[in-house]
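# Summary of structural features
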Amino acid sequence: MRADPADYKLVSPRNLQAVLSLLADEPSQWLPIAGGTDVMVLYSAGKLPNRKLIDIWGIPELRQIEVLPERIRIGAACTYTALRRHEIISRDFRLLALAASWTGGIANQNRGTLGGNIANASPAADSLPALLVYDAELTLISVRGERRVAYRNFHTGYKKTALAADELIQDISLPRKFAGYASHARKVGARNAQAISKVCLAALGQCADSVIRDVRLALGSVAPVPLRLQETEHLLNGNKIELSLINAARKSVMKEIRPIGDIRSSARYRAAVAANLVAEFIEKLAVEGTYA
Ligand SMILES: Cc1cc2nc3c(=O)[nH]c(=O)nc-3n(C[C@H](O)[C@H](O)[C@H](O)COP(=O)(O)OP(=O)(O)OC[C@H]3O[C@@H](n4cnc5c(N)ncnc54)[C@H](O)[C@@H]3O)c2cc1C
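Quantities reported herein were computed from a predicted structural model and do not represent experimental measurements.

### Let's talk about the pairing of strand β7 (residues 145–150)
Bridge analysis of strand β6 (residues 137–142) against β7 gives six bridges, and the strand direction is antiparallel. Residue pairing across strands places L140 opposite R147, the latter belonging to β7.

### Re the nonpolar core
Across soluble globular proteins, nonpolar side chains show a tendency to be buried alongside one another. Residues L96, I118, L131 and L174 are the most contacted members of the largest nonpolar core, which totals 37 residues. In terms of residue count, the dominant contributor to this core is helix α8 (residues 128–133) (five residues). Excluding its chain neighbours within four sequence positions, the residues that come into contact with L96 are I74, L83, I89, L114, S127, A130, L131, Y134 and L174.

### So, the side chain of S173
Position of S173 relative to the elements: it lies in strand β10 (residues 168–175). Of note is the side chain of S173, whose polar atom sits 2.2 Å from the side chain of R71. Aside from chain neighbours lying at most four places away, what touches S173 is R71, I72, R73, D135, A136 and E137.

### Re helix α10 (residues 243–256)
End to end, α10 covers 20 Å across 14 residues, agreeing with the expected 20 Å (1.5 Å per residue, within 8%). Within the span of α10, buried status applies to L245, I246, A249, S252, V253 and E256. Seen end-on, α10 carries its buried residues on one side only, within an arc spanning 120 degrees. Away from the buried face of α10 by more than 90 degrees, exposed residues L243, K251 and K255 are located. As for α10, its buried residues are in contact with β13 (211–220), β14 (227–228), α9 (230–236) and α11 (267–288).

The rules behind these values
Residues numbered from 1 in each chain as written. Predicted model: local features only at pLDDT ≥ 70, side-chain atom pairs only at ≥ 80, totals over all residues. Heavy atoms only, no water. Pairing = 2+ DSSP bridges. Helix = DSSP H or I, 4+ residues; strand = E, 2+ residues; numbered from the N terminus. Core = buried A, V, L, I, M, F, W, Y, C linked by side-chain atoms within 4.5 Å. Buried < 20%, exposed > 50% of the residue type's maximum accessible area, 1.4 Å probe, protein only. Contact = heavy atoms within 4.5 Å. Polar contact = N/O pair within 3.5 Å; in protein donor to acceptor, adjacent residues only side chain to side chain. Expected span 1.5 Å × (residues − 1). Arc of directions from axis to C-beta.

Without other data, these values stay purely geometric and don't point to any function.
Here it is, written out as structure tokens:
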């Protein structure tokens with residue numbers, strides 16, 4: 001371990017207001033730590049710039065999952081295990097439950113949180129494409145009050161977010177409007193478990209008589225931020241599924257993404273896989289047909 005614990009201060013406030021007061025008193029000094037699965041990796045490598053940590057793991061408001069008729073509200077410090085085990089999330093938000101099931105291993109899923117995955121802002125994060133296609137909304141909270149931000153506007157660049165230094169993500173809200181949609185998720189990594197994605201996909205859509213409606217496609221690891229493929233969606237919506245459309249969609253995907261080559265994959269491989277995953281979903285949509 002390259003970091004010395006004596007150089008760091010960790011506090012565990014008992015309530016949300018106390019956390020927010022600390023963040024407001026010394027913005028950018030205090031770093032929230034939820035499950036610690038990203039923070040502790042930096043700490044162990046001696047790369048954690050903050051010396052003051054606020055533990056938010058035990059704050060009750062951040063650990064609740066509230067099911068309302070129109071939406072589900074997930075506290076930011078809910079773990080992947082909590083998401084996987086939740087009956088409504090597993091049924092109505094299958095893409096999120098699947099992403100939770102292939103994020104790290106079991107130990108990681110018991111500690112890693114959805115809010116941590118969002119705030120950490122990795123373009124390869126597995127849960128974020130699902131949040132894009134489900135039209136997720138974030139509640140950001142500070143002593144100044146709360147504000148709601150559409151998740152699609154939250155990641156503003158590579159590892160950059162709309163979160164102010166004194167703010168926390170309080171919850172993630174998903175509208176319950178996707179019953180009857182076909183869904184598809186894929187993670188392509190070096191192995192089945194404990195692998196960072198080379199490319200990951202979350203997709204939703206409807207189809208009848210081979211005509212596509214409201215298709216929603218999002219990819220991770222192909223751009224500086226998780227990406228919704230709006231041009232490809234536009235190309236597909238209202239059109240009949242046939243080989244020429246699938247081929248046009250492949251080309252459109254390649255035009256929309258901006259993959260890089262790194263230690264995990266080449267840009268060319270990422271582009272080919274991204275196009276294949278979208279084509280795979282369209283073929284699935286043709287078979288599953290979802291609206292009357
Ligand atoms: C072995 C291992 C395997 C992994 N595998 C995967 C994987 O397959 N897929 C994947 O996507 N990720 C993976 N990760 C990364 C990590 O587990 C996830 O990003 C996880 O969701 C982070 O959540 P956390 O609660 O542990 O975050 P923390 O480490 O506690 O925090 C991460 C960042 O988020 C901030 N933060 C946390 N909560 C909030 C909040 N409520 N409001 C504002 N800021 C907040 C922290 O200040 C910090 O900057 C892996 C990590 C490890 C160590």
